[in-house]
Amino acid sequence: MATINFGGVDEHVVTREEFTLDHAREVLKDEVIAVIGYGVQGPGQSLNLKDNGFNVIVGQRKGKTFDKAVADGWVPGVNLFEIEEACKRGTIIQFLVSDAAQIEVWPVVKKHLTPGKALYFSHGFGITYNDRTGIVPPKDVDVIMVAPKGSGTSLRRLYLQGRGVNSSFAVHQDATGKALERTLALGVGVGSGYLFETDFKREVYSDLTGERGTLMGAIQGIFLAQYEVLREHGHTPSEAFNETVEELTQSLMPLFAEKGMDWMYANCSTTAQRGALDWMGPFHDATKPVFEKLYKQVADGTEAQISIDANSKPGYREGLEKELKALRESELWQTGATVRKLRPEND
């Protein structure tokens with residue numbers, strides 16, 4: 001493990017040059033990796049592992065998602081099974097169903113956690129909030145985590161491009177003495193860029209805060225607020241969307257992703273630079289109390305319980321689709337659909 005300085009703080013990280021794919025294959029050569037769940041993370045992780053030469057099977061209930069796995073090349077009875085059968089066959093069980101579904105599926109998984117197996121997560125939710133989830137693994141199995149910092153779709157897409165999504169990793173319980181090696185090998189196998197060290201609690205606290213904050217919740221709220229102000233002051237939908245979303249995602253984000261926020265600022269007009277530097281303070285001061293409240297609700301379990309309650313209700317998928325439909329059909333994102341069609345690459 002290398003020590004790298006991040007902004008003045010030393011952290012332990014693992015790179016693919018240090019922990020090679022060949023070494024990862026050697027570490028896991030006798031393992032059967034059972035990926036349980038083929039929803040968000042399951043497809044990307046399982047397909048990347050399979051393409052990288054690992055012995056992978058998938059466990060998924062019969063239905064549309066099972067059919068999707070078949071369409072992706074998994075073969076029923078060969079490397080695609082019902083959940084219980086996959087758990088029985090696997091020496092490493094990658095528990096990748098949704099957080100709410102983990103509560104329901106846990107008794108089946110637990111039954112097949114025989115001594116020496118590894119229980120793998122890509123989120124610290126089930127273990128950190130085990131007073132709410134009931135997920136308490138036996139003491140004679142490894143409990144490990146690799147958490148890609150991106151969706152399963154991005155993980156697969158970037159892998160196919162020869163790139164990778166950075167991932168955090170953690171060992172919660174080392175029963176075999178080889179939990180760390182297993183973890184790092186899996187992290188490399190699923191296509192991580194580099195791996196940075198965390199623990200289950202820190203991962204879920206930062207992840208839930210990020211999803212509700214700048215990654216998804218806050219950014220939609222800020223987009224909508226600016227778009228509404230522009231529209232209410234007479235700007236057209238096209239102008240409001242381009243100034244709110246399109247310029248950010250297509251022009252500015254690639255710049256600060258490449259070399260940082262200062263470099264992006266330096267490549268904008270002096271008028272834009274001055275305004276950005278003057279207004280970042282008021283936006284910081286206005287939003288930090290919201291982030292503090294959010295983090296408190298993550299840490300005390302409020303957000304976890306909301307998720308468990310909402311996602312365990314009968315018909316929750318139908319309710320979710322109604323909310324997503326309202327978002328999709330809003331003027332902001334209907335405008336976005338039209339703008340995307342007009343991008344030069346779509347001519």
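Here's a quick rundown of the structure.

So, how was this worked out
Throughout this description, residue numbers start from 1 for each chain and increase along the sequence as written. Local features in this predicted model are restricted to residues whose pLDDT is 70 or higher, and side-chain atom pairs enter the listing and the counts only when it is 80 or higher, whereas totals over whole chains, interfaces and linings include all residues. The side-chain quantities take in all heavy atoms of the structure and omit both hydrogens and water. Numbering of helices and strands runs from the N terminus, with a helix taken as a DSSP run of H or I at least four residues long and a strand as a DSSP run of E at least two residues long. As a reference, a globule follows 2.2 Å times the number of residues to the power 0.38, and the radius of gyration itself is taken over C-alpha atoms. Buried residues are those whose accessible area, probed at 1.4 Å on protein chains only, stays under 20% of the maximum for their type, while exposed residues exceed 50% and partly exposed ones sit between those limits. Contacts between residues were defined by any pair of non-hydrogen atoms, one from each residue, lying within 4.5 Å. Per-residue and other accessible areas follow the Shrake-Rupley method at a 1.4 Å probe size, with only the shown protein chains counted as cover for residues. Computed over the protein atoms alone on a 1 Å grid, cavities are sets of points where a 1.4 Å probe fits but cannot get out and pockets are open sets with protein on both sides within 12 Å along at least five of seven lines; a residue lines them when it has an atom within 4 Å of a point. Grid points are joined across faces, edges and corners, and a volume is the space filled by probe spheres set on the points. Note on residue classes: Ala, Val, Leu, Ile, Met, Phe, Trp, Tyr, Cys and Pro are nonpolar, Asp, Glu, Lys and Arg are charged, and everything else, Gly too, is polar. Between any two strands, at least two bridges found by DSSP are needed for them to pair. For helices, the axis comes from a line fit to the C-alpha atoms of the stretch in contact; other axes are also lines fit to C-alpha atoms, and the angle between any two N-to-C directions lies between 0 and 180 degrees. What counts as a ring pair is set by centres within 6.5 Å for rings of Phe, Tyr and Trp (its six-membered ring), and what kind of pair is set by the plane angle: stacked under 30 degrees, edge-to-face over 60, tilted for all other angles. Only when the NZ atom of a Lys or the CZ atom of an Arg is both within 6 Å of the ring centre and within 35 degrees of the ring normal do we say a charge sits over the ring. Nonpolar core, defined: a set of buried Ala, Val, Leu, Ile, Met, Phe, Trp, Tyr and Cys residues in which side-chain atoms within 4.5 Å join the residues together. Every case where a carboxyl oxygen of Asp or Glu lies within 4 Å of a side-chain nitrogen of Lys or Arg is listed as a salt bridge. A patch consists of residues exposed above 30% relative accessible area that lack any salt bridge, with like charges linked at up to 9 Å and nonpolar side chains (Val, Leu, Ile, Met, Phe, Trp, Tyr) linked at up to 5 Å. Working convention for charge: Lys and Arg count positive, Asp and Glu count negative, and His plus the chain ends are omitted. Under the convention used throughout, the expected extent of a helix is 1.5 Å for every residue step, that is, one less than its residue count. To get the bend at a given residue, fit one axis to the seven residues ending there, fit another to the seven starting there, and take the angle between those axes.

Once that is clear, we can look at the overall build of the protein chain. Of regular secondary structure, the protein chain possesses 17 helices and 10 strands. For 347 residues, the compact-globule estimate of 2.2 N^0.38 gives 20 Å, and the protein chain sits close to it at 22 Å. Along the first, second and third principal axes, the C-alpha atoms of the protein chain reach 65 × 50 × 45 Å. With 347 residues in all, the protein chain has 39% of them scored as buried. Considering only contacts in the protein chain between residues 6 or more positions apart, those separated by 24 or more positions represent 67%. In the form shown here, the protein chain has an accessible surface area of approximately 18600 Å², with 56% of it arising from carbon and sulfur atoms.

Another point: the layout of surface pockets. Take a probe with the size of a water molecule and roll it over the atoms, and the empty space left behind shows itself. Each pocket or cavity is described by its volume, and for the second largest pocket that value is around 1400 Å³. In terms of lining residues, the second largest pocket is bounded by 29 residues, among which I222, Q226, L248, Y265 and F283 are the most central. Of the residues belonging to the lining of the second largest pocket, the class tally is 19 nonpolar, eight polar and two charged.

Strands sit in the order β1-β2-β10-β9-β8-β7-β6-β3-β4-β5 across an open sheet of 10 strands; the sheet is mixed. Strand pairing shows two members of the sheet lacking a second neighbour, β1 (2–6) and β5 (80–81), which therefore form its edges. Inspection of the sheet shows strand β9 (residues 165–173) paired to strand β10 (residues 192–197) by four bridges, in the parallel sense. Across the sheet, S168 pairs through a bridge with F196, a residue of β10. Helix α5 (residues 99–111) rests against β6 (92–95) and β7 (118–121) of the sheet, and its axis sits at about 165° to β6.

Counting across every chain of the model gives 10 aromatic pairs. Centre to centre, the rings of F241 and W333 are 5.7 Å apart; their planes meet at 85°, and the pair counts as edge-to-face. Here W333 lies in helix α17 (residues 331–341) and F241 lies in helix α12 (residues 237–259), a separation of 92 residues in the sequence. Judged by its relative accessible area of 1%, F241 falls in the buried class. Among the aromatic residues, ring-to-ring pairing joins F95, W106, F121 and F200 into one connected group. Sitting over the face of the ring of W74, K50 holds its NZ or CZ atom 4.2 Å from the ring centroid. Above the face of the F66 ring, K62 is positioned so that its terminal group lies 5.4 Å from the ring centre.

Next up on the list: the nonpolar core. With 30 residues, the main nonpolar core has I33, W74, Y120 and L186 as its most contacted residues. At the level of secondary structure, the elements contributing two or more residues to this core comprise β3 (33–36), α2 (42–51), β4 (56–59), α3 (64–71), β7, β8 (142–148) and α9 (179–189). With five residues, the single largest contributor to this core is α9. Not counting residues within four places of it along the chain, the set of residues in contact with Y120 comprises Q45, I92, I93, Q94, F95, L96, I144, V146, L186 and V190. Of all hydrophobic cores here, the second largest spans 25 residues; its members include V109, L113, I135 and F200.

Let us now look at the pattern of salt bridges. Applying the stated criterion across every chain, the model contains 20 salt bridges. Among the ionic pairs, R156 bridges to D51, the shortest N-O distance being 2.9 Å. With R156 in helix α8 (residues 152–160) and D51 in helix α2, this pair connects stretches of sequence that are 105 residues apart. The buried category is assigned to R156, whose relative accessible area is 18%. Among the ionic pairs, D142 bridges to R182, the shortest N-O distance being 2.8 Å. In this pair, D142 is assigned in strand β8 and R182 in helix α9, connecting sequence segments 40 residues apart.

This next bit is on a nonpolar patch on the surface. Judged by side-chain polarity, M1, V171 and L180 come together as a nonpolar surface patch covering roughly 230 Å² of accessible area. Here L180 is to be found in helix α9.

Glancing now at the side chain of D207. With respect to the helices and strands, the residue D207 is situated in helix α10 (residues 200–212). Here D207 is buried and forms no salt bridge, its nearest opposite-charge partner K149 lying at an N-O distance of 4.1 Å. Filtering out sequence-adjacent residues up to four positions away, D207 remains in contact with H123 and K149.

Side chains I92 and Q94 of β6 all project onto a buried face; the interleaved residues I93 and F95 project onto the opposite face, where all are buried too. Note that β3 and β6 share four bridges and pair parallel. Bridging from a neighbouring strand, V35 pairs with Q94 of β6. For β6 and β7, the ladder comprises three bridges, and the chain directions are parallel.

Right, let's talk about helix α14 (residues 270–299) for a bit. Every α-helix carries 3.6 residues per turn, so stepping three or four residues along brings you back to the same face. Over its 30 residues, α14 runs 41 Å from end to end, which matches the ideal 44 Å to within 8%, given 1.5 Å per residue. The sharpest bend along α14 comes to roughly 30°, located at T287, with the proline P289 sitting one to four residues further on. Remark: G301 follows α14 within two positions and exhibits a positive phi of approximately 90°.

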